[in-house]
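A structural walkthrough
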Amino acid sequence: MLRFWFEAAVVLWLVPASVCAAARLYTEEDPLMILSSSSLKPAVSNSSSAWLVQFYSSWCGHCIQYSSTWRALAQDVKDWQQAVSVAVLDCAQEENFDVCKDYSIKFYPTFKYFRAHSPETDRGTTYRGADREIQSVRQLMVNILQNHTKLDWPDHCPPLEAYSSVQLLPLLGQRSDHYTAIIVEEPDSYVGREVILDLLQYSGVQVRRALSSDLPLLDALKITAFPSIYLLNPNGTHTHLHVQKRLRFFFSSLLRTLPGVQRRLKSSSSSSDGQMVALPDKHSTEPWRDFDRSKVYTADLESALHYLLRVELATHNTLEGEELKIFKDFVTLVAKLYPGGGSVVKLMETLSDWLLSLPLQRIPYQAVLDLVDNKMRISGVFLGAELRWVGCQGSRAGLRGYPCSLWTLFHVLTVQHDATPTALDNTALEGEAAAVLQVMRRYIRTFFGCEQCGRHFEQAAAASVETVQSREQQILWLWNQHNMVNYRLAGSLSDDPLFPKAPWPSPSLCSSCHEEKNGVHVWNYENVLLFLRRHFGASNLSPKYSLTPPRLPAPPADPDPEPAQTSRPQEDEKEQRGGERKEAERRAEEQPEPRPGHQALRGEERGLGGTGGGAAGGAGGGGVWILGLGFNSLDMSLCVVLYVCSCLFLMLLFFFFKVRSRRWKLRHSRLHV
């Protein structure tokens, strides 16, 4: 049932693209080229790569049914584009009538492949095979490449022929600037050649294939099962690599995650450019933090909330109307579902209670910031004012960071909603089937800084989020949408070469999540759901690198205690303040210069350090938390002034009536006499 719902949701997500395209079955969002009468010949003639073009008709029923298969094929071989490109041309459009006639297209769909460096007179070769499933067409593409000669070989296509032991064994023990992966397979296997093309867009690794019939190689490498992968490291060592499943997807994913293997960016004109972009930012003073990819770090979640509340929200001077309602819903959601409790939860609960108790329809952002910065010195409330990316850190500034942490935060919230289904009761959010997704959708649409990103997410949500009717579906929908974004942005300028965008989770994190059906990678949704629950669950959160709230110092023990007094003589109080000021100056001189992100925190620590009680907190100049009502020093000053005025007024009334009563008595006594 879960698999059926998920496949239906994916179909619904894809349908609007076709509807909006009217007569066209394919859009610019698809990972293929849409050709026309004016672009067909320039694209396929004298091209540096081979081409596989589907000539179809948008009114053809079979073409409509087959469009999802062709789109999936294009996605499957997306990284092969420099060797062989996938394209479509709609013969039903009037402007394409003549070109389809010129290329002898009589039936739909018709597949034609064009060799690299073909002349303008070449009209392509028609594929007449009956099997048009993804695996068969993909193997056809491999055969097309291998049918090239040395003279017309595609410029960027690596060698696909099998290497012999004579060529490979001398490489053992040699140092190099890259990995060399040797895939040993049966003669009729396509795995090795497909992995070679899968790694075409990556630098730092070269893939070679060998056959199981090469006995000297098998004896030297001690290989007994096929296909197998043997790795030659840059330092000259070599070893047999273990994979959970002997499938193409597992081999490719394993090689992509090797240290130093990086995706070449689309805009780079050469491999050297790609390497330059991939290098960490040497000018950055941010230290690198080692992390475990199987963990979720609370430092990333706290950094996301810090950036969201102190940076992104700061662009709105006031919150009112729909904006205020969306912000209230977001704060309520985090307060109820953020795992682990602690100072962050107490802050969000305090902020939520404050927002819900205010009768105002318009709130200045500064008031929100004061509460987030804990200007009232509320015990146990703290959110670090520093960005500490751990699992979301990038190879250089500007990569990953906040978008990654925001995805992670909402993944955690969807899993927490599933684990605690009653957490949103009595919050006005319990009536929504996908409460986390709906709040996320509204927040991104209203506050998220990347307008184009928000528009893409809104389109996806409008297409299929209404089909989500359970908490399990909510978890899977967000995971699938995140992978869709990774597919779209893979290889773009925003893709981090050290952490390339790829289908997640990888086989190394969850091998049972991946399967192969008819040679095509598919997800096991039941196992994916189990993995997501475990990975984003509260038990998998690591507090490493998180900023901890400053501890309040214990009051010094008095060896000669005196009766408690509610006030001090003015001279003693001034003397104590002067001593505290000198002590603070002495500590500031001893401490090193703080980083910009730490200054606000140290200011809070100085304010919190002297709060041994309500009176001390007031003496320190900060706000006071009285009876849990949240009065600050200004409120208390106004209360004192009003109290004094009231006392004076009552005293005046007392003396006024006292004098009147005496006069009345005197007058009454005289009348009696």
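Right above here is the structure, for reference.
Treat the numbers as computed from the prediction; the structure is a model and nothing was measured. (Residues numbered from 1 in each chain as written. Predicted model: local features only at pLDDT ≥ 70, side-chain atom pairs only at ≥ 80, totals over all residues. Heavy atoms only, no water.)

Observations concerning the overall build of the protein
We apply this condition: Think of it this way: any DSSP run of H or I at least four residues long counts as a helix, any run of E at least two long counts as a strand, and we number them from the N terminus. Throughout, exposure labels follow a simple rule: accessible area from a 1.4 Å probe, protein chains only, divided by the maximum for the residue type, with under 20% read as buried, over 50% as exposed, and the rest as partly exposed. Two residues qualify as a contact provided that any one of their heavy atoms is within 4.5 Å of a heavy atom in the partner residue.
Scanning the protein from terminus to terminus reveals 23 helices and 17 strands. Of all 673 residues assigned to the protein, the portion counted as buried reaches 46%. Considering only contacts within the protein whose residues lie at least 6 apart along the sequence, 75% involve residues at least 24 apart.

Here we look at the packing of aromatic side chains
For the record, the criterion: Side-chain rings of Phe, Tyr and Trp (the six-membered ring for Trp) are treated as a pair once their centres are within 6.5 Å; stacked means planes under 30 degrees apart, edge-to-face means over 60, and tilted covers the remaining angles.
Scanning the entire structure with this criterion turns up 25 aromatic pairs. Ring geometry for Trp288 versus Phe499: centroids 6.2 Å apart, planes at 15°, classification stacked. Placement of the pair is Trp288 in the loop between helix H10 (271–278) and strand S12 (296–297) and Phe499 in the loop between helix H18 (471–489) and strand S15 (514–517), with a sequence separation of 211 residues. Residue Phe499 is classed as buried on the basis of its relative accessible area, which comes to 13%. Between Tyr307 and Tyr402, the aromatic rings sit 4.4 Å apart at their centres with planes inclined by 35°, giving tilted as the arrangement. With Tyr307 in helix H11 (residues 298–312) and Tyr402 in helix H15 (residues 402–419), this pair connects stretches of sequence that are 95 residues apart. Overall, the relative accessible area of 8% leaves Tyr402 in the buried class. Among the aromatic side chains, those forming a connected cluster through ring pairs are Tyr66, Trp70, Phe111 and Tyr127.

Re the packing of H15 against helix H16 (residues 435–446)
Let me state the cut-off plainly: Fitting a line to C-alpha atoms yields each axis, with helices limited to the stretch in contact; the angle taken between N-to-C directions then spans 0 to 180 degrees. The labels follow the angle: roughly parallel below 35 degrees, roughly antiparallel above 145, roughly perpendicular from 65 to 115, and oblique for the rest. Crossings are assigned a handedness: left-handed for a near helix turned anticlockwise from the far helix by less than a right angle, right-handed for a clockwise turn. Three residue categories are used. Nonpolar comprises Ala, Val, Leu, Ile, Met, Phe, Trp, Tyr, Cys and Pro, charged comprises Asp, Glu, Lys and Arg, and polar comprises the others, including Gly.
For the pair H15 and H16, the least separation of the axes is 9 Å and the interaxial angle reads 155°. Comparing their axes, H16 and H15 come out roughly antiparallel. The chirality of how H15 crosses H16 is right-handed. Across the interface between the two elements, Tyr402, Trp407, Phe410, Leu413, Thr414 and His417 from H15 touch Ala435, Val436, Met440 and Tyr443 from H16. Class assignment of the residues belonging to the contact of H15 with H16 gives a composition of eight nonpolar, two polar and no charged.

Some thoughts on the sheet that holds strand S8 (residues 205–211)
Put simply, the rule is: When DSSP locates at least two bridges between a pair of strands, those strands are taken to pair.
Read across the sheet, four strands follow the order S8-S6-S9-S10 without closing on themselves; strand pairing throughout is mixed. Each edge of the open sheet is held by one strand with a lone partner, namely S8 and strand S10 (238–241). Taken over all neighbouring pairs, the strand axes of this sheet differ in orientation by 25° on average, direction set aside. Of the strand pairs in this sheet, strand S9 (residues 228–232) and S10 are connected by four bridges, and their pairing is antiparallel. Looking at the pairing, Tyr230 lines up with His240 of S10. The sheet strands contacting helix H9 (residues 248–256) are strand S6 (179–185), S8, S9 and S10, and the helix crosses S9 at an angle near 15°.

Examining the pattern of salt bridges
The line we're drawing: What makes a salt bridge here is a side-chain nitrogen of Lys or Arg within 4 Å of a carboxyl oxygen of Asp or Glu, nothing more.
Applying the stated rule across the entire model yields 23 salt bridges. A salt bridge links Asp76 to Arg138, with the nearest nitrogen and oxygen atoms 2.8 Å apart. Taken together, the residues Asp76 in helix H3 (residues 61–76) and Arg138 in helix H5 (residues 134–146) connect sequence positions 62 residues apart. Across the pair Arg388 and Glu386 runs a salt bridge, and its minimum N-O distance is 3.4 Å. In this structure, Arg388 and Glu386 share a single accessibility class: buried. Among the charged side chains, a salt-bridge network with shared partners connects Asp76, Arg138, Glu194, Asp198 and Arg248.

Comments concerning the state of the cysteines
As a reminder of what qualifies: Cysteine sulfurs are considered disulfide-paired once they come within 2.5 Å of each other.
Under the defined criterion, the tally for this structure stands at four disulfides. The side chain of Cys450 participates in a disulfide bridge whose partner is Cys453; the two sulfur atoms lie 2.2 Å from each other. Given an S-S torsion of about 60°, the disulfide between Cys450 and Cys453 has right-handed geometry. The class of Cys450 is partly exposed, set by a relative accessible area of 30%. Sequence-ordered numbering of the bonded cysteines in the protein gives a pairing of 1-2, 3-4, 5-6, 7-8. Among the cysteines around Cys645, which has no disulfide bond, Cys647 carries the closest sulfur, lying 9.2 Å off.

Section: helix H14 (residues 365–372)
As a reminder of what qualifies: Within this analysis, the arc is defined by the directions that extend from the helix axis to the C-beta atoms.
Regarding H14, the residues found buried are Tyr365, Val368, Leu369, Leu371 and Val372. An end-on view of H14 places all buried positions within 160° of arc, on one side of the element. Directly after H14, the chain includes Asn374, whose backbone phi takes a positive value near 60°.

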